[in-house]
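# Examining the three-dimensional arrangement
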Amino acid sequence: MSGLNAEFIPPARPVIGEAEIDAAVRVLRSGRVVQGPEVAAFEEEFAELVAGRHCVAVNSGTSALQLTLMALGFGPGDEIIVPSFSFAASANSIRLVGAEPVFVDIEPDSFCVDPEAVAAAVTPRTVAIMPVHLYGHPAAMRQIMAIAERHGLAVVEDAAQAHGAMLDGQPVGAFGTAGCFSFYPTKNMHSLEGGMVTTADAELARTLRLLRNQGMEQRYANEIVGANMRMTDVAAAIGRVQLRQLADWTEQRRANAKFLDSRITAMVTPPVADNVRHVYHQYTVRVTTDRDAAQQRLTELGIGNAVYYPTPIHRLRPYLGEDGNPGPWNLPETERAAAEVVSLPVHPALTETDLERIAEAANLAGGAR
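This write-up is about the structure you can find in this document. (Residues numbered from 1 in each chain as written. Predicted model: local features only at pLDDT ≥ 70, side-chain atom pairs only at ≥ 80, totals over all residues. Heavy atoms only, no water.)

## Examining the nonpolar core
- Judged by nonpolar contacts, the single largest core of 54 residues is most densely connected at Phe-85, Met-267, Tyr-283 and Leu-344.
- With six residues, the single largest contributor to this core is helix 11 (residues 352-365).
- Formed by 32 residues, the second largest nonpolar core is a distinct cluster that contains Val-58, Leu-67, Val-82 and Met-229. (Core = buried A, V, L, I, M, F, W, Y, C linked by side-chain atoms within 4.5 Å. Buried < 20%, exposed > 50% of the residue type's maximum accessible area, 1.4 Å probe, protein only. Helix = DSSP H or I, 4+ residues; strand = E, 2+ residues; numbered from the N terminus.)

## Regarding the sheet that holds strand 8 (residues 178-182)
- The seven strands are arranged 1-9-8-5-4-2-3 in an open sheet whose pairing can be described as mixed. Because the sheet does not close on itself, it has two edges, and the strands there are strand 1 (54-58) and strand 3 (100-104). Strand-to-strand, the axes of this sheet are offset by a mean angle of 25°, without reference to chain direction.
- The sheet contact formed by strand 5 (residues 154-158) and strand 8 spans three bridges and is parallel. Paired with Val-156 across the bridge in strand 8 is Ala-178.
- Contacting strand 1, strand 8 and strand 9 (195-199), helix 2 (residues 37-46) crosses the sheet at an angle of about 135° to strand 1.
- Along the sheet, helix 6 (residues 141-151) makes contact with strand 4 (126-129) and strand 5, crossing strand 5 at roughly 150°. (Pairing = 2+ DSSP bridges. Axes fitted to C-alpha atoms, helices over the stretch in contact; angles between N-to-C directions. Contact = heavy atoms within 4.5 Å.)

## Some details on the pattern of salt bridges
- For the structure on display, the rule yields 17 salt bridges.
- Across the salt bridge formed by Arg-286 and Glu-340, the nearest N and O atoms sit 2.9 Å from each other. With Arg-286 in strand 11 (residues 283-286) and Glu-340 in helix 10 (residues 332-340), this residue pair connects regions lying 54 residues apart in the sequence.
- What makes Glu-340 buried here is its relative accessible area of 13%.
- For the salt bridge of Arg-336 with Glu-333, the shortest nitrogen-to-oxygen distance reads 3.2 Å. Here Glu-333 and Arg-336 lie together in helix 10, a separation of three residues that amounts to about one turn.
- Residue class for Arg-336 comes out partly exposed when judged on its relative accessible area of 34%.
- We classify Glu-333 as partly exposed; its relative accessible area is 24%.
- Taken together, the shared-partner salt bridges connect Arg-26, Glu-38, Glu-45 and Arg-240 into one network. (Salt bridge = Lys/Arg side-chain N within 4 Å of Asp/Glu carboxyl O.)

## A short note on the packing of helix 8 (residues 233-263) against helix 11
- In contact at an axis separation of 9 Å, helix 8 and helix 11 are set at 35° when each is read in the N-to-C sense. In the packing of helix 8 onto helix 11, the handedness of the crossing is right-handed. Counted together, Asn-256, Phe-259, Leu-260 and Arg-263 of helix 8 and Leu-355, Glu-356, Ile-358, Ala-359 and Asn-363 of helix 11 form the full contact between these two elements.
- Looking at the contact of helix 8 with helix 11 residue by residue, the classes come out as five nonpolar, two polar and two charged. (Left-handed = near helix turned anticlockwise from the far one by under 90°. Nonpolar A, V, L, I, M, F, W, Y, C, P; charged D, E, K, R; others polar.)

## Details of the sheet that holds strand 7 (residues 170-171)
- Read across the sheet, three strands follow the order 7-6-10 without closing on themselves; strand pairing throughout is antiparallel. This sheet does not close on itself; its edge strands, each paired only once, are strand 7 and strand 10 (276-277).

## A closer look at the packing of helix 2 against helix 8
- Viewed as axis vectors pointing N to C, helix 2 and helix 8 meet at an angle of 30°, and their least axial separation amounts to 8 Å. Helix 2 and helix 8 meet at a crossing whose hand is left-handed. Facing Pro-37, Glu-38, Val-39, Ala-41, Phe-42, Glu-45 and Phe-46 of helix 2, the residues of helix 8 in contact are Asp-233, Ala-236, Ala-237, Gly-239, Arg-240 and Leu-243.
- Considered class by class, the residues forming the contact of helix 2 with helix 8 number eight nonpolar, one polar and four charged.

## Re a nonpolar patch on the surface
- Together, Ile-16, Ile-21, Val-25 and Leu-192 line one region of the surface with nonpolar side chains, adding up to about 310 Å² of accessible area.
- Tracing the sequence through the fold places Ile-16 in the segment before helix 1 (18-30). (Patch = residues over 30% accessible without salt bridge, like charges linked within 9 Å, V, L, I, M, F, W, Y side chains within 5 Å. Areas by Shrake-Rupley, 256 points an atom, 1.4 Å probe, with all protein chains shown as cover.)

## As for the side chain of Ser-110
- Residue position: Ser-110 is located in the loop between strand 3 and helix 5 (115-121).
- At a separation of 3.1 Å, a polar atom in the side chain of Ser-110 contacts the main-chain amide nitrogen of Cys-112.
- Discounting residues that sit within four places of it in the chain, Ser-110 has contacts with Leu-134 and His-137. (Polar contact = N/O pair within 3.5 Å; in protein donor to acceptor, adjacent residues only side chain to side chain.)

## Some details on the environment of Met-231
- With respect to the helices and strands, the residue Met-231 is situated in the loop between helix 7 (202-212) and helix 8.
- The sequence separation of Met-231 and Val-34 amounts to 197 residues, and the corresponding C-alpha distance is 6.7 Å.
- Each residue touching Met-231, except ones within four places of it in the same chain, is listed here: Val-34, Gln-35, Val-39, Phe-42, Ala-57, Val-58, Asn-59, Phe-183, Ser-191, Gly-194, Gly-195 and Ala-236.

## Section: the packing of aromatic side chains
- This model, assessed by the stated rule, comprises 13 aromatic pairs.
- Ring plane angle 40° and centroid distance 6.2 Å describe the contact between Phe-85 and Phe-111, whose orientation is recorded as tilted. Taken together, the residues span a long stretch of sequence, with Phe-85 in the loop between strand 2 (79-83) and helix 4 (89-96) and Phe-111 in the loop between strand 3 and helix 5 at a distance of 26 residues.
- Classification of Phe-85 as buried rests on a relative accessible area of 1%.
- When the centroid spacing of 6.4 Å and the interplanar angle of 75° are considered together, the rings of Phe-85 and Tyr-309 count as edge-to-face. Taken as a pair, Phe-85 in the loop between strand 2 and helix 4 and Tyr-309 in the loop between helix 9 (291-300) and helix 10 lie far apart in primary sequence, 224 residues in all. Like Phe-85, the residue Tyr-309 is buried in the burial classification.
- An aromatic cluster of at least three residues, connected via ring pairs, comprises Phe-85, Phe-87, Phe-111, Tyr-135, Tyr-308 and Tyr-309. (Phe/Tyr/Trp six-rings, centres within 6.5 Å; stacked < 30°, edge-to-face > 60°.)

And the structure:
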């Protein structure tokens, strides 16, 4: 182990190559830069990843979630069940439409929402469930869809981290009423910034297209009150280049994760449920000793690392009660995960030497106190 003198391995490495640059320049020179042919082509091509569903491109993953909830007509007085162990955007999108997030606990192995907790949280005010396919591992969609069907609820999949992930051979984003993806630069594929909504409902897709474009399909013929959440053609052109490479990048992430699984012994490596295709947006381990010391040691050894997420959403300031406390939530697995998780590099640019260093460093850091 070369330790302090070794080159630093970043936790993520966004790809912006010549093909992405050429695509952006081509669009800029064309003069068709917003909501044009590149966006339409990107939507059509992305549909192949989600079993042919309708695809609506927008300007971010958060916009994808928010517009979907708007299109479904949710608002004040409505409750939407969501895990607290996620990025704040999951719950923010709910609050942005005036609805209320109801936080539930996660399964300890997958880090995804616990279907039993979901079932227990349904009330007469519940209108939807928002499962999050965290780190690239699909949530337990069979059980979640059964709960939704039993109670007449919508299911909005937060698939921001799970491009190409599958459960029983079915891709995420093709289970629920809608699926929402992010193309932020650190995701498994990106468009610099952007998002996509997928749905089997043609009427919902049309409403989403109206909402993203000031409520109009034809210029100046506004049909509803909408917003400006369009994707640019520059972003779509970059996304199309990235999409063509996604399959290869995903297999490299999976191979990298398999290598780390086989070598790391001093931290708890991420389990994968049966019949699941995990796409490893993050390779997230549990540290059961002193996590701060482990992170410090990893950094000293030149291994980038991060905690996703150190503070569950229900403990963030916007979601505290009037008394400043987190409210009535009892989420022991969420609290435990927030205290133990660390994500290690798994991106496709890693070499075998990099992987060996990561595994060795993890074993050294896992015993740190």
